[in-house]
Amino acid sequence: MSNLGIRRVAVLGAGTMGHGIAEVFAMSGFEVNLMDVSDEILRNALNRIRDSLERLSRRGELREGVDAIMSRIHTTTKVAEAVRDIDFLVEAVPENADLKKSIFREADQYAPPHAIFASNTSTIPITELSEATSRREKFVGMHFMNPPPLMKLVEITRGKYTSDDTVNITVQLTRILNKEPVVVNKDVPGFIVNRVLFRVMLEACREATQEGIKIVDLDAMARNVLGLPMGTFELLDYIGLDTSLFIVKAMTERGFKAHSCPLLEDLVSKGKLGVKSGEGFYKYPGPGQYVKPRVLPEQGLELDPIRLMAPAINELAWLVREGVATVDDIDKSVKLGLNYPWGLSEFADEAGIDNIVDALTQLKNASGWEEYEPDPLLTNYVKEGRLGRKSGRGFREYPGVEFRRYEEIMLRIDPPSAWIILNKPDKLNVLTPKMADEIVNALRSVEDDPRVRVVVITGSGRAFCAGADINQFQNATPMQMFKAMRHYHSMTLEIEYYTKPVIAAINAMPLVVVWRLLWPATSG
Ligand code: CAA
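### Quick notes on the sheet that holds strand β4 (residues 88-91)
Taking strand neighbours across the sheet as the criterion, the eight strands line up as β3-β2-β1-β4-β5-β6-β7-β8 in an open arrangement whose pairing is mixed. The open sheet has two edge strands, β3 (73-76) and β8 (180-184), and neither has a second partner. The sheet shows a mean angle of 25° between the axes of neighbouring strands, taken without regard to direction. Relative to β8, strand β7 (residues 153-157) runs parallel, the two sharing five bridges. Across the sheet, Leu-153 pairs through a bridge with Glu-180, a residue of β8. Relative to β8, helix α14 (residues 327-337) is tilted by about 135°, and along the sheet it contacts β7 and β8.

Next comes the structure, spelled out in structure tokens:
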């Protein structure tokens, strides 16, 4: 029994999410009544839970044996039986408002009055569901991420009637489950994670359908360039294409401005539902058998990650402006709910908020789609010169960051380091006498600056610097070549005898992620 007075929990629905949620509660010592409509579904759920627990056990992540945890899970096909002596309930039946309401109505009759009801819905309004019960103030959204045993985040959503007590208990309970809660202050469709996630997915879908970019290349870019754990289409397969399509429809019906994805509609109409049916955007060995799609390390590097992420950053701005969540909570949500290696605000600040607005404007002009209209929060930031890290302030503050633009390089002083960026993103052979002089000047300008302890030189394109720009050698006289060499030699001598360490951050192809995240290639 937790000190919240919660000992027994009902999980209604033993499908993709329900079985994982039951597993998470049982792992934390709770007695769990797991309910679904047939014994076969329940047997299948228990097998999946055992399989997952065994995997966790092999990795040394369980505090007790698999059998001990399994013994706390009790199955039933009857709602009344599942909820009789519970303290907390999580509903995870399919995303159908009528079905959910009828289950809640029935559970409300048989569950003790003190029991809190939570819905794992990702799209249906919490307020609407709570109205099917007589315990509206004890009703809350508790949205786990797939797969629940591995994903840290739980979105906790307040409905119109939810009491502070209910929110607080659910937050504490989430922590007992060894998960991280984020409180969503307004009952908006898709809460935080799905609103952000489907912005990325729908943009990827548009690029595939309208521009003919290959799905596997877009996924490769998401993994190789952005460092995401799964490609966009891979994750759609993992979530389930029918579920994904349902989420998009349910959100758009409730005011989420978006154009649907014809590729999703087509596959669902053919019964290709992703991992669960054995085929979706990718083919799997069999139904329910997920195998990571293969992408090559150099694949997708030519695609634009800023454009893919711009609609999600726009969503971040909307969520903040509407008071749904704070910047910190949204960053936490994508890091823990989607396992992104960075927060959205961090990405925006690195990429440059002006570049995000430009990308959105281009998308809007090209498609005429209203959802690409840059959010006023972003356009105001640009007007105020809050461009992100490069200007010292964006979504976040970067005290002491200074940015100087030369003709061929940029200098960013970001104490204790200063970064010299060879600013010719389109070229591999970037070095010119002018660039060499500018490097010398930049080095000298920070040599006596006590804030700077190290200087890093890096590129801003596909490679660090493959050599001198050979165009300059065409038609050059021997004397002109000799003079050009003097510039290069003074630059190398400057580095050799410099009083602070100088590091070359060689952003060749495999390090493109580092480059993208540390260096806004298209900095305005
Ligand atoms: N239980 C226990 N262990 C599991 C497991 C499960 N359910 N699933 C995978 N694992 C284990 C694997 O066996 C593997 O273990 P070993 O290293 O010991 O072999 C380990 O976890 C890593 O798995 P994989 O090698 O298969 O794959 P991975 O490294 O890519 O990690 C992942 C898997 C954690 C799921 C990762 O791919 C990821 O973070 N993906 C993003 C998932 C995501 O975004 N989820 C949210 C979707 S949105 C949502 O859920 C909301 C909604 O409403 C739709």
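Moving on, there is more to tell.
### Looking at the sheet that holds strand β13 (residues 502-505)
With mixed pairing, five strands are arranged side by side in an open sheet as β9-β10-β11-β12-β13. The sheet is open, and its two borders are formed by β9 (402-405) and β13, each paired with just one other strand. Across this sheet, the average inter-strand angle for adjacent strands is 20°, counted without regard to direction. Note that strand β11 (residues 417-422) and strand β12 (residues 454-459) share six bridges and pair parallel. Bridged to Ser-417 within β12 is Val-454. Together, β9, β10 (409-414), β11, β12 and β13 form the strand contacts of helix α18 (residues 433-447), whose direction differs from that of β10 by roughly 15°.

### Notes on the site of the ligand
What surrounds the ligand is a group of 23 residues, the closest being Ser-52, Arg-59, His-143, Asn-146 and Asn-339. Interatomic distance of 2.9 Å between a side-chain N/O atom of Arg-55 and an oxygen atom of the ligand. One of the backbone nitrogen or oxygen atoms of Asn-146 is found 2.8 Å away from a nitrogen atom of the ligand. The protein chains hide 73% of the 1,100 Å² of surface that the ligand would expose on its own. Sorting the residues of the shell around the ligand by element identifies α2 (39-58), α8 (193-211) and α10 (232-239) as the ones contributing at least two each. Tallied by class, the residues present in the shell around the ligand amount to 13 nonpolar, seven polar and three charged.

### Focus: the packing of aromatic side chains
Under the defined criterion, the tally for this structure stands at 12 aromatic pairs. Judged by centre distance (6.1 Å) and plane angle (5°), the ring pair of Trp-369 and Tyr-372 falls under stacked. Tyr-372 sits in the buried class, given a relative accessible area of 5%. By the ring-pair criterion, three or more aromatic residues cluster together here, those being Phe-25, Phe-30, Phe-88 and Phe-144. The aromatic ring of Phe-117 is capped on one face by Arg-135, whose charged end is 4.2 Å from the ring centroid. The cationic tip of Arg-199 hangs over the ring face of Phe-256; the distance from NZ or CZ to the ring centre is 3.8 Å.

### A few points about the environment of Ala-82
Mapping Ala-82 onto the fold places it in helix α4 (residues 79-83). Sequence-wise, Ala-82 and Lys-364 are 282 residues apart; in three dimensions their C-alpha atoms are separated by 50 Å. Those residues in contact with Ala-82 that lie beyond four places of it in its chain are Ala-10, Leu-12, Asn-33, Met-35 and Thr-76.

### Observations concerning the nonpolar core
By size, the foremost hydrophobic cluster in this structure holds 97 residues, and its most contacted members are Val-83, Leu-344 and Phe-395. Here the element with the most residues in this core is α8; it accounts for 10 residues. The residues touching Val-83, leaving out its near neighbours within four places in the chain, are Ala-10, Leu-12, Leu-89, Ala-107, Tyr-110, Ala-111 and Pro-112. Val-24, Met-70, Ala-92 and Leu-177 belong to the second-largest nonpolar core, a separate cluster that totals 37 residues.

### Things to note about empty space enclosed by the protein
The final tally for this structure, using the stated rule, is two cavities of 30 Å³ or more. Here the second largest cavity defines a volume of roughly 30 Å³. If you trace the second largest cavity, you find it lined by Phe-198, Met-201, Leu-202, Cys-205, Leu-236, Val-248, Cys-261 and Leu-264. Considering each element in turn, the lining of the second largest cavity owes the most residues, four residues, to α8. Here the residues of the lining of the second largest cavity are counted per class, giving eight nonpolar, no polar and no charged.

### Describing the pattern of salt bridges
For the structure shown, the criterion picks out 38 salt bridges. Between Asp-266 and Lys-270 there is a salt bridge, and its shortest N-O distance comes to 2.9 Å. Between Asp-414 and Arg-389 there is a salt bridge whose closest N-O contact spans 2.1 Å. One end of the pair, Asp-414, is in strand β10; the other, Arg-389, is in the loop between α17 (376-383) and β9, and 25 residues separate them in sequence. With respect to burial, Asp-414 and Arg-389 carry one shared label: buried. Salt bridges sharing common partners tie together Glu-203, Arg-206, Glu-207, Glu-211 and Arg-307.

Rules of the game
Residues numbered from 1 in each chain as written. Predicted model: local features only at pLDDT ≥ 70, side-chain atom pairs only at ≥ 80, totals over all residues. Heavy atoms only, no water. Pairing = 2+ DSSP bridges. Helix = DSSP H or I, 4+ residues; strand = E, 2+ residues; numbered from the N terminus. Axes fitted to C-alpha atoms, helices over the stretch in contact; angles between N-to-C directions. Contact = heavy atoms within 4.5 Å. Near = heavy atom within 4 Å. Polar contact = N/O pair within 3.5 Å; in protein donor to acceptor, adjacent residues only side chain to side chain. Areas by Shrake-Rupley, 256 points an atom, 1.4 Å probe, with all protein chains shown as cover. Nonpolar A, V, L, I, M, F, W, Y, C, P; charged D, E, K, R; others polar. Phe/Tyr/Trp six-rings, centres within 6.5 Å; stacked < 30°, edge-to-face > 60°. Buried < 20%, exposed > 50% of the residue type's maximum accessible area, 1.4 Å probe, protein only. Lys NZ or Arg CZ within 6 Å of the ring centre and 35° of its normal. Core = buried A, V, L, I, M, F, W, Y, C linked by side-chain atoms within 4.5 Å. 1 Å grid on protein atoms, 1.4 Å probe; cavity = no way out; pocket = protein on both sides within 12 Å on 5 of 7 lines; lining within 4 Å. Points joined across faces, edges and corners; volume = space filled by probe spheres on them. Salt bridge = Lys/Arg side-chain N within 4 Å of Asp/Glu carboxyl O.

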